[in-house]
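Here is how the chains run, residue by residue.
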Amino acid sequence: MDLQYNNNSPWDCVVLSKQRQSRDSLTYRAQLSSDAGGFPSWRRCRWIVDMEGATGTLYEGEKFQLLFKFSSRYPFDSPQVMFTGENIPVHPHVYSNGHICLSILTEDWSPALSVQSVCLSIISMLSSCKEKRRPPDNSFYVRTCNKNPKKTKWWYHDDTC
């Protein structure tokens, strides 16, 4: 995974958040998974993570980017996570604007989760997909949603793809 730096104000992230992000970054370096892609690009409160679809799945060889936005309350508050860039995966739980319907990104978040565990959950979600298609309400959602996917009240009703 690949991290990039953003010149945000030094007050954008508190020390605890920066320490956790540093730890997560070191964890990536130590436990880099070939299925999860390259190296996370470090930015103070924003990370862009390059990912590649897992071998043997519908997304094999496809490259994606995840945008992580950290608040000053991270890791107690989940990061905002969404796909970004030119290739948003076509998946029943991924909207065409990059928003991801995944419970660990909102109500099932735990401070024990890391950027790596979120990426692995997303890779797992993509890997279990049987058919590439958008969510049935994609058009309506994209027209009416908040730019911050954490402000969406998700309805987790489908465990299958």
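Heads up: the structure comes first, above all this text.
So, a few notes on the structure that sits alongside this text. As the structure is a computational prediction, the values presented were derived from the model and not from experiment.

### Considering the overall build of the protein chain
Inference 1: The secondary structure content of the protein chain amounts to three helices and three strands.
Inference 2: Reading the protein chain from its N end, one meets helices and strands in the order α-β-β-β-α-α.
Inference 3: Out of the 161 residues in the protein chain, the part that is buried amounts to 47%.
Inference 4: For the protein chain, contacts bridging at least 24 residues in sequence account for 64% of all contacts bridging at least 6.

### Remarks on the pairing of strand E3 (residues 80–84)
Inference 1: Among the five residues of E3, four are classified as buried, and the element is accordingly described as predominantly covered.
Inference 2: As defined by bridge partners, strand E2 (residues 63–69) adjoins E3 across five bridges and the pair is classed as antiparallel. Within E3, the residue paired with Leu67 across the bridge is Met82.

### Brief notes about the pattern of salt bridges
Inference 1: All chains considered together, the criterion is met by five salt bridges.
Inference 2: For Lys63, the salt bridge goes to Glu52, with nearest N and O atoms at 3.0 Å. Separated by eleven residues along the polypeptide, Lys63 in strand E2 and Glu52 in strand E1 (residues 46–52) bring together distant segments of the chain.
Inference 3: Where Lys150 meets Asp77, a salt bridge forms, and the shortest distance between an N and an O atom there is 3.0 Å.

### So, the packing of aromatic side chains
For any two aromatic rings, the description comes down to two numbers: the centre-to-centre distance and the angle of the planes.
Inference 1: All chains considered together, the criterion is met by seven aromatic pairs.
Inference 2: Ring centres 5.8 Å apart and planes at 70 degrees place the aromatic pair Phe64 and Phe83 in the edge-to-face group. One end of the pair, Phe64, is in strand E2; the other, Phe83, is in strand E3, and 19 residues separate them in sequence.
Inference 3: Considering the side-chain rings of Phe70 and Tyr74, the 4.7 Å spacing of their centres and the 65 degrees angle between planes classify their relative orientation as edge-to-face.

### Quick word on the nonpolar core
Inference 1: Counting residues in hydrophobic clusters, the biggest one holds 28 residues, and the most contacted among them are Leu66, Phe68, Val81, Phe83, Ile100, Val118 and Ile122.
Inference 2: When neighbours within four sequence positions are excluded, Val81 is seen to be in contact with Leu66, Leu67, Phe68, Ile100, Leu105, Val118, Ile122 and Pro149.

### Focus: the environment of Met51
Inference 1: Of note, Met51 is situated in strand E1.
Inference 2: Here Met51 falls in the buried class, since its relative accessible area comes to 2%.
Inference 3: Put simply, Met51 and Lys63 are twelve residues apart on the chain and 5.7 Å apart in space, counted from C-alpha to C-alpha.

### Let's talk about the sheet that holds E1
Inference 1: Spatial ordering of the open sheet is given by E1-E2-E3, a layout of three strands whose pairing is antiparallel. Here the strands that pair on one side only, and so sit at the sheet edges, are E1 and E3. In this sheet, adjacent strand axes meet at a mean angle of 25 degrees when their direction is disregarded.
Inference 2: Pairing analysis gives seven bridges linking E1 to E2, with the strands arranged antiparallel. Along E2, the bridge assignment pairs Arg46 with Lys69.

### Quick notes on helix H2 (residues 115–127)
The α-helix advances 3.6 residues per turn, and as a result positions three or four apart in sequence lie on the same side.
Inference 1: With 13 residues, H2 should cover 18 Å at 1.5 Å per step; its first-to-last C-alpha distance of 18 Å lies within 8% of that length.
Inference 2: Listed as buried for H2 are Val115, Gln116, Val118, Cys119, Ile122, Ile123, Met125 and Leu126.

### Considerations on unusual backbone geometry
Inference 1: Omega for the peptide link from Tyr74 to Pro75 comes to 15 degrees, which places this bond in the cis form.
Inference 2: With respect to the helices and strands, Pro75 occurs in the loop between E2 and E3.

Parameters at a glance
- Residues numbered from 1 in each chain as written.
- Predicted model: local features only at pLDDT ≥ 70, side-chain atom pairs only at ≥ 80, totals over all residues.
- Heavy atoms only, no water.
- Helix = DSSP H or I, 4+ residues; strand = E, 2+ residues; numbered from the N terminus.
- Buried < 20%, exposed > 50% of the residue type's maximum accessible area, 1.4 Å probe, protein only.
- Contact = heavy atoms within 4.5 Å.
- Pairing = 2+ DSSP bridges.
- Salt bridge = Lys/Arg side-chain N within 4 Å of Asp/Glu carboxyl O.
- Phe/Tyr/Trp six-rings, centres within 6.5 Å; stacked < 30°, edge-to-face > 60°.
- Core = buried A, V, L, I, M, F, W, Y, C linked by side-chain atoms within 4.5 Å.
- Axes fitted to C-alpha atoms, helices over the stretch in contact; angles between N-to-C directions.
- Expected span 1.5 Å × (residues − 1).

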